[in-house]
Structure formats: structure tokens, C-alpha cells
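# Survey of secondary and tertiary structure
In case you want the letters, here they are:
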Amino acid sequence: MITISLCMIVRDEEAVLARCLESVRGVADEIVVVDTGSVDATKEIARRFTDKIYDFVWTDDFSEARNFAFSKGTKDYLFWLDADDVLLQEDREKLLRLKETLPADTDAVLLNYNTGFDPQGRPVFSYFRERLFRRSCGFLWKGAVHEAVEISGNVRYENISVTHSKLKHPDSDRNLRIYEKQKAQGKPFSPRDLFYYGRELYYHRRDSDAAEVLEQFLQDGQGWLENNVEACHVLSAVYERMGEKDRALRTLFRTLTYDSPRAEICCEIGQLMMEKEEYRAAIFWYETAAAQKPDILRGGFVQLDCYGYIPFLQLCVCCDRLGDYNTAHEYNLRALRIRPNDPAALSNEAYFQSLLSVSPQFPHTDTR
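Residues numbered from 1 in each chain as written. Predicted model: local features only at pLDDT ≥ 70, side-chain atom pairs only at ≥ 80, totals over all residues. Heavy atoms only, no water.

The protein chain is annotated in an unreviewed UniProt entry as Glycosyltransferase from Candidatus Gallacutalibacter pullicola.

## With respect to the environment of R131
Residue placement: R131 occurs in strand β7 (residues 123-134). Judged by relative accessible area, which is 0%, R131 ranks as buried. Separated by 58 residues in sequence, R131 and G73 have C-alpha atoms that sit 14 Å apart. With residues up to four places along the chain from it excluded, the contact list for R131 reads L78, F79, W80, L81, D85, V109, L110, L111, Y113 and V162. (Helix = DSSP H or I, 4+ residues; strand = E, 2+ residues; numbered from the N terminus. Buried < 20%, exposed > 50% of the residue type's maximum accessible area, 1.4 Å probe, protein only. Contact = heavy atoms within 4.5 Å.)

## Thoughts on the UniProt feature "domain: Glycosyltransferase 2-like" (unreviewed entry) in the protein chain
According to UniProt, the feature "domain: Glycosyltransferase 2-like" (unreviewed entry) maps to residues 5-135 in the numbering used here. Taken end to end, residues 5-135 is 27% helix and 32% strand, and its first and last C-alpha atoms sit 9 Å apart. (UniProt positions renumbered as here; feature names shortened; annotations may be inferred.)

## Let's talk about the side chain of E226
Looking at the element boundaries, E226 is found in helix α8 (residues 225-241). Side chain to side chain, E226 and R298 meet in a polar contact 3.5 Å long. Residues within four places of E226 in sequence aside, it is in contact with R262, R298, G299 and G300. (Polar contact = N/O pair within 3.5 Å; in protein donor to acceptor, adjacent residues only side chain to side chain.)

## Details of the packing of helix α5 (residues 174-184) against helix α6 (residues 191-203)
The relative placement of two packed helices comes down to the angle between their axes together with the axis-to-axis distance. It is the contact of α5 with α6, at a shortest axis distance of 10 Å, that shows an interaxial angle of 125°. When the interaxial angle is binned, α5 and α6 end up oblique. The interaxial crossing formed by α5 with α6 has left-handed handedness. Contact residues: α5 offers N175, L176, Y179, E180, Q182 and K183, while α6 offers D193, Y196, Y197, E200 and L201. (Axes fitted to C-alpha atoms, helices over the stretch in contact; angles between N-to-C directions. Parallel < 35°, antiparallel > 145°, perpendicular 65-115°, else oblique. Left-handed = near helix turned anticlockwise from the far one by under 90°.)

## Looking at the packing of aromatic side chains
Inspection of every chain in the model, using the stated rule, returns 23 aromatic pairs. Summarising the aromatic geometry, the rings of F70 and W141 are spaced 5.9 Å apart at their centres and angled 65° between planes, so their arrangement reads as edge-to-face. Placement of F70 in helix α3 (residues 62-71) and of W141 in strand β8 (residues 141-142) is noted, with a sequence separation of 71 residues between them. Ring geometry for F284 versus W285: centroids 5.1 Å apart, planes at 90°, classification edge-to-face. By relative accessible area, which is 48% here, F284 ends up partly exposed. Here the aromatic cluster, defined as three or more aromatic residues joined through ring pairs, consists of F70, W80, F133, F139 and W141. Across from the ring centre of Y113, 4.5 Å away, lies the NZ or CZ of R131, which sits over that ring. The residue whose ring lies beneath R339 is Y309, and the NZ or CZ to ring-centre distance is 4.5 Å. (Phe/Tyr/Trp six-rings, centres within 6.5 Å; stacked < 30°, edge-to-face > 60°. Lys NZ or Arg CZ within 6 Å of the ring centre and 35° of its normal.)

## A few points about α8
In a regular helix each residue adds 1.5 Å, so 17 residues correspond to 24 Å; α8 covers 25 Å between its end C-alpha atoms and thus fits that length. A large share of α8 lies buried, amounting to 13 of its 17 residues. Positive backbone phi, approximately 85°, marks G243, located one or two places after α8. (Expected span 1.5 Å × (residues − 1).)

## With respect to the side chain of T255
With respect to the secondary-structure elements, T255 resides in the loop between α9 (245-253) and α10 (263-275). The exposure class of T255 is buried, given its relative accessible area of 4%. In contact with T255, not counting residues within four places along its chain, are V229, C232 and I265.

## Digging into the environment of N67
Inspection of the secondary structure assignment puts N67 in helix α3. A sequence separation of 73 residues divides N67 from L140, and the C-alpha atoms of the two residues are 6.2 Å apart. Excluding residues within four positions of it along the chain, N67 makes contact with L140 and W141.

Structure follows, in C-alpha cells:
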């Protein structure tokens, strides 16, 4: 059986830290907590779970802090969580089993990360992240913000999820401040840095700056495929907000030069076509979205609603606008199978009951 060191960096996490550490009690053989400057009860809470608590002077570099935390781990594998992450009971049990069965030559393990949820608490936004690292491999974190570990060797993907369950909103300006500081100091940006810097500029509504940075990222041609696709996605939203909808549409089509259609992109194209009242074109793209299968193993962001619920609901609207009410109703029923209590789909169902004189239908839930 392997042993695991949980290595965390924290700051002012008194509201969530106990919940996180309780969820891994008995799973982690060692808990390392590195505090970067808390002024609340974070360290007192941590002491209920471990005596391995260290202070680290914050340097505006997440990788430095995480590498320091990793340096304190002593077990076979190093494992990381943020304070607002938890292991649900099912995933605790899976991770305990993995400790018993993980092949001895495994260098790194990626686990699923659920970060967005529907009103019923079901994950709708997920992606894989590197979580477990063989300590003897000496893997290091890189990047001051949106830090990551460049893994190699024998890598495994496991059907185990970490659930992100935040209670507070982080400092929304922190990441941009770090990137602007890096830029002012003349420190080089990696392709990954450039992508995330452009995304932060978009979040802060600095659209012309975001467009310039993201275009540079794409033109340099050094980015990871998933970041290239997402950069087009974000850049399209930038151009749309700037009122350049045709350019936004062309930017979405640009994703097809990197990979096959993604449901997330098809839904965005469909939306732009609907806004132009080109409903037949919109139907094509929403049908294409609905035909895709989510592939979380590719490592990019996956919005699960784009692979069923959203295209079915929008296909209902498009068919209704074209006067094809029976087909519209069928699509709405398909949306209801995914979200039986969805207000929009239920409102549509009431509309079709009146329009088509159909009896109320309550389809079985579709887990897609």
C-alpha cells in the first residue's frame, strides 16, 4: 500500500479548512499545512489535524509556496488540495482503494476536478488535474498564477473526483496584479502565462488588451491544444462584447483548425446564429453539439450542459421559431429528461400543452 502526504497552502481559511481536512482524515497518512499569512483562526484549526504547520512569506508566486509545501512531505506520494476542496464519501472510499491497488511504478495520477454544479448539485463543469505525485520523481510546480506541474513518466487517470466547494469569493484582482507585476519586472511569460493573462484581462473587461494578448498567444503557436481552443473561446467573447459579432463568429470557427468540434464551441456558434435569426444554421450547430460526447480525459475544461441540456433547449426554441412545433416539443422533452425540474423547460412544456393540446409529460430522468 502506498502512503500519501497531503500538502496544502492556506491563508485565512477558517471557514472551510476543517471541512477539507475532515474529508481526508484517514486517507492522508501525513498532513502538511503551509500558511502564507493568515490573520484568522486558520492555523489553530490546522493544529486539530496535524502538527506539521509551517509559515511561508508570501512572494506573489503560488508555485514557490506549493513547492515549499511539497518539500515538507515525507510519504511515497504528494497530494494537494485547496482549502475549499473536499473529498465526498464515495471519492474517499475510491482513494482508499487506490492506495491499495496503485501500481508501484506510477509516477503521477490525475483525478477529476468538479468545479461547477447545477441547482441539484450535479457537476456540470469538470476537468482532470494532476493530484498525486511520486515524491522521488522530484516534480515541481511552475507558474506564479494558475500554477501546474509538468508531469512525465507513467501517468494514470483515475475515476475519482475532488469537489470544489467554495464559500467565499477570492480576491478578484489578485491574479491580474501578479501578472502585471511580472510584466512590469520584465519577467518572461510562458505560453500558459500568456493565455491566463489574456483571460484575466477579459474578466476585468479590459477588452482591447485581452484581444491583443490572446491574439499574440495564438499567433505564437506555442500553446497547448486545450489552451488554444479555450483562447479562441474567450477571444470570441471579447469580440462579441466589443460589438464585433462577425469577428467573434470567425474566431469560434478558428477552433476547428486545432481539433474536431467541441460542444461548448458549437453552442456558442449556435447562439450567434440565433441572434442573426439564422435558425436553420443554428439547428445544425446545436445538433452537432448534442451529438458530441464529453471527453474529460483530454484535460481541458468540459461544460457538461453543452452536451445535452443546452442544445436540446435551444433546438426547441429554433424549431418553434420555424413553426415546427412538434419537433420543438420533442426537443424540450429531451431537455426535461436531463433536468426534470428546470424552470425554462417546464415553462416550455406548459406552452406546448396549450399550443398542441398535449397532456402534461414528465419524462424519466436522463443522466446524460
